[in-house]
Every structure is written in C-alpha cells, then in structure tokens.
Amino acid sequence: MSDTENWLNSAEVRARYRISAATLNRWDRDEALEFPAPMVINRRKLYPLSELLTWERSQASAARRRAAA
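Bear in mind that the values here come from a model prediction, so they are computed numbers and not experimental data. (Residues numbered from 1 in each chain as written. Predicted model: local features only at pLDDT ≥ 70, side-chain atom pairs only at ≥ 80, totals over all residues. Heavy atoms only, no water.)

Colleague: What is the right way to read the pattern of salt bridges from this model?
Modeller: Between side chains of opposite charge, a pair can form when the charged atoms approach closely. This model, assessed by the stated rule, comprises two salt bridges. Ionic pairing is found between Arg 16 and Glu 56, a salt bridge with its closest N-O pair at 2.6 Å. On the criterion of sequence distance, the pair formed by Arg 16 in helix 1 (residues 10-17) and Glu 56 in helix 3 (residues 49-68) is long-range, its members being 40 residues apart. Its relative accessible area of 25% is what places Glu 56 among the partly exposed residues. Between Lys 45 and Asp 28 there is a salt bridge, with its nearest N and O atoms 2.9 Å apart. (Salt bridge = Lys/Arg side-chain N within 4 Å of Asp/Glu carboxyl O. Helix = DSSP H or I, 4+ residues; strand = E, 2+ residues; numbered from the N terminus. Buried < 20%, exposed > 50% of the residue type's maximum accessible area, 1.4 Å probe, protein only.)

Colleague: Explain the nonpolar core here, please?
Modeller: Where a protein is soluble and globular, its nonpolar side chains tend to be buried together. Grouped together as the largest cluster of nonpolar side chains are 12 residues: Leu 8, Val 13, Tyr 17, Ile 19, Leu 24, Trp 27, Leu 33, Phe 35, Tyr 47, Leu 49, Leu 52 and Trp 55. Elements supplying a minimum of two residues to this core: helix 1, helix 2 (21-29) and helix 3. Element by element, the count of residues in this core is highest for helix 3, at three residues. Among all residues touching Tyr 17, those that are not within four sequence positions of it are Trp 27, Phe 35, Leu 52, Trp 55 and Glu 56. (Core = buried A, V, L, I, M, F, W, Y, C linked by side-chain atoms within 4.5 Å. Contact = heavy atoms within 4.5 Å.)

Colleague: Can you walk me through the packing of helix 1 against helix 3 in this structure?
Modeller: Any two packed helices are characterised by how steeply their axes cross, that is the angle between the axes, and by the distance between the axes. Contact geometry of helix 1 with helix 3 gives a least axis separation of 13 Å together with a crossing angle of 25°. In this view, helix 1 runs roughly parallel relative to helix 3, as classed from their interaxial angle. Judged by the twist between their axes, the crossing of helix 1 over helix 3 is right-handed. On helix 3, the residues that touch Val 13, Arg 16 and Tyr 17 of helix 1 are Leu 49, Leu 52, Leu 53, Trp 55 and Glu 56. (Axes fitted to C-alpha atoms, helices over the stretch in contact; angles between N-to-C directions. Parallel < 35°, antiparallel > 145°, perpendicular 65-115°, else oblique. Left-handed = near helix turned anticlockwise from the far one by under 90°.)

Shown next as structure tokens:
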C-alpha cells in the first residue's frame, strides 16, 4: 500500500459490488474467498482500494479459467 492509498468504507464497498451488509460480513469471514481484510478504526471498516482492485482481477481471471475448462 502506498502513502496515498484510497480507502472505501463498508457502504461504498457494498455499493461497488451491489451486495448486502450480511454478504460483506460473510466475505470478510470467508478465508477461501481471499477478500481483502479491512482496517478497523472506531468499529468502522475501511477497505484499501488497491487491494479490492487486485481481488477483482483475480476473480475475473479465475472465472475465465473456469469457463475455459
């Protein structure tokens, strides 16, 4: 992460992926999904945008591999 990292709060992450709060909580707990871990400040979760983008690329790559198989 860089010094100028952009962070998304939980509401922004839910809007980005069009998911519910329950789904985001499940993604946070599911180690197999490898969803980026948030930084927690005063019980608020902040997700590093660079890690979310990397995760998105890995999910797209995995989907392409499954489609080709």
